[in-house]
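Spelled out from the first residue to the last, the chains are:
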Amino acid sequence: MPFFSVLLMLSIVLLSPVMSESYVLAENQPKECVILLHGLARTSGSMDTMARELQQAGFVTVNIDYPSTEKKIEDLSEEAVSQGVISCREQQADTLHFVTHSMGGILVRYYLLLHNIDELGRVVMLSPPNKGSEVVDTIGDWSSFQWYNGPAGGQLGTGEDSMVLQLGPVNFPLGIITGNSPAFYDGWFADMIPGQNDGKVSVERAKVEGMTDFLVLPHNHTFIMSQEDVIDQTIFFLRHGKFDNH
């Protein structure tokens, strides 16, 4: 038998057990499930890119579609978040994370006030109106706004009747990414908001007491969840509990 053929056979024999062992280890790794929640007047399709990248990074994903314009935040929270938790548990996940866009983050905050998730890992909120939005203050009583955004939209203002301002501090690992570069089509909304904003929510009003880390990137509210740097930072926070900027 030629010398090189012998070497090839020996290398296959020697390498095979190692490859088999590493595969078994990978199969036995703790399963981490990420529940994705879209924002107001959007669908789960808006989170597809994020979900796909999370899957490639090794996470199991549950991308929830919920009727964001049909009910109040309290009802949407119970239905959408519960559905995600149940789906992750059905897949025998050891850890449950959340990645949310806009109002999706408010649903998680409300849910965690009422429910304990033993497997809770980390939460990343993208452009959340944690302290409301002046846009709602300005045009929230317009019939066109109410028709398009439904009951939940009217709960996102900054006044005394703002539902979000009644939620209090968070007590879970939370990373927030928000934008400061409004899209041209949001110029009118951006003018309603004092200071830096993403066209819907100001940088300051995206913050919440108790958050773990905060990051501002040059994106707009509508498409922040699909940006490569946002996705990379989201994955980094889920793995390390902080953003990759320190």
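Criteria and thresholds
Residues numbered from 1 in each chain as written. Predicted model: local features only at pLDDT ≥ 70, side-chain atom pairs only at ≥ 80, totals over all residues. Heavy atoms only, no water. Buried < 20%, exposed > 50% of the residue type's maximum accessible area, 1.4 Å probe, protein only. Helix = DSSP H or I, 4+ residues; strand = E, 2+ residues; numbered from the N terminus. Arc of directions from axis to C-beta. Contact = heavy atoms within 4.5 Å. Phe/Tyr/Trp six-rings, centres within 6.5 Å; stacked < 30°, edge-to-face > 60°. Lys NZ or Arg CZ within 6 Å of the ring centre and 35° of its normal. Pairing = 2+ DSSP bridges. Right-handed = clockwise from strand over helix to strand, strands pointing away. Salt bridge = Lys/Arg side-chain N within 4 Å of Asp/Glu carboxyl O. Axes fitted to C-alpha atoms, helices over the stretch in contact; angles between N-to-C directions. Core = buried A, V, L, I, M, F, W, Y, C linked by side-chain atoms within 4.5 Å.

## Quick look at helix α2 (residues 48-56)
Line of reasoning, step 1. Within α2, burial applies to Met50, Ala51 and Leu54. Angular distribution of buried residues about the axis of α2 spans 100°; they occupy a single face of the element.
Line of reasoning, step 2. At its buried positions, α2 is contacted by β1 (32-37), β2 (60-64), β3 (95-101), β4 (120-126) and α8 (228-240).
Line of reasoning, step 3. The positive-phi residue at the C-terminal boundary of α2 is Gly58, with phi of around 105°.

## As for the packing of aromatic side chains
A ring pair, where both rings are aromatic, is described by two values, the distance of the centres and the angle of the planes.
Line of reasoning, step 1. Tallied over the entire structure, the rule returns five aromatic pairs.
Line of reasoning, step 2. A ring pair is formed by Trp188 and Phe189, whose centres lie 5.4 Å apart and whose planes are at 40°; its orientation type is tilted.
Line of reasoning, step 3. Accessibility expressed as a relative area gives 48% for Trp188, which makes it partly exposed.
Line of reasoning, step 4. Site record: aromatic cluster; members linked through ring pairs are Trp142, Trp188 and Phe189.
Line of reasoning, step 5. Lying over the aromatic face of Phe214, Lys207 brings its terminal NZ or CZ to 5.2 Å of the ring centre.

## Digging into the pairing of β4
Line of reasoning, step 1. Taking burial as the measure, the seven residues of β4 include five buried ones, the bulk of the element.
Line of reasoning, step 2. Bridging between β3 and β4 involves five bridges; their strand directions are parallel. Bridge pairing links Leu96 to Leu120 in β4.
Line of reasoning, step 3. Read as a crossover between parallel neighbours, the route from β3 over helix α4 (residues 103-114) to β4 is right-handed.
Line of reasoning, step 4. Direction of pairing for β4 relative to strand β5 (residues 174-179): parallel, over a ladder of four bridges. The residue bridging Val124 from the neighbouring strand is Gly175, located in β5.

## Digging into the pattern of salt bridges
A side chain of one charge can pair with a side chain of the opposite charge when the charged atoms of the two come close.
Line of reasoning, step 1. Applying the stated criterion across every chain, the model contains five salt bridges.
Line of reasoning, step 2. Between Arg205 and Glu134 there is a salt bridge; the shortest N-O distance is 2.7 Å. Residue Arg205 is located in the loop between α7 (187-190) and β6 (213-217), and its partner Glu134 is located in helix α5 (residues 134-139); the two are separated by 71 residues in the primary sequence.
Line of reasoning, step 3. Exposure remark for Arg205: the relative accessible area of 23% places this residue in the partly exposed category.
Line of reasoning, step 4. For Glu134, a relative accessible area of 13% translates into the label buried.

## Description of the pairing of β5
Line of reasoning, step 1. Most of β5 is tucked away: six of the six residues are buried.
Line of reasoning, step 2. Burial of β5 is two-sided: the residues Leu174, Ile176 and Thr178 facing one way and the residues Gly175, Ile177 and Gly179 facing the other way are all buried.

## Examining the sheet that holds β1
Line of reasoning, step 1. With parallel pairing, six strands are arranged side by side in an open sheet as β2-β1-β3-β4-β5-β6. Every other strand in the sheet has two partners, leaving β2 and β6 as the edge strands with one partner each. Direction aside, the axes of adjacent strands within the sheet are offset by 15° on average.
Line of reasoning, step 2. Sheet analysis places β1 next to β3, joined by six bridges and oriented parallel. Its bridge partner lying in β3, Leu37 is registered against Thr100.

## Some words on the nonpolar core
Line of reasoning, step 1. Counting 47 residues, the largest nonpolar core has Leu37, Phe98 and Met103 as the members making the most contacts within it.
Line of reasoning, step 2. Beyond its immediate stretch of four places on either side in the chain, Met103 contacts Gly39, Leu40, Tyr66, Ser68, Ile73, Leu76, Pro129, Ala152 and Leu156.
Line of reasoning, step 3. Of all hydrophobic cores here, the second largest spans 21 residues; its members include Met50, Ala51, Ile224 and Leu238.

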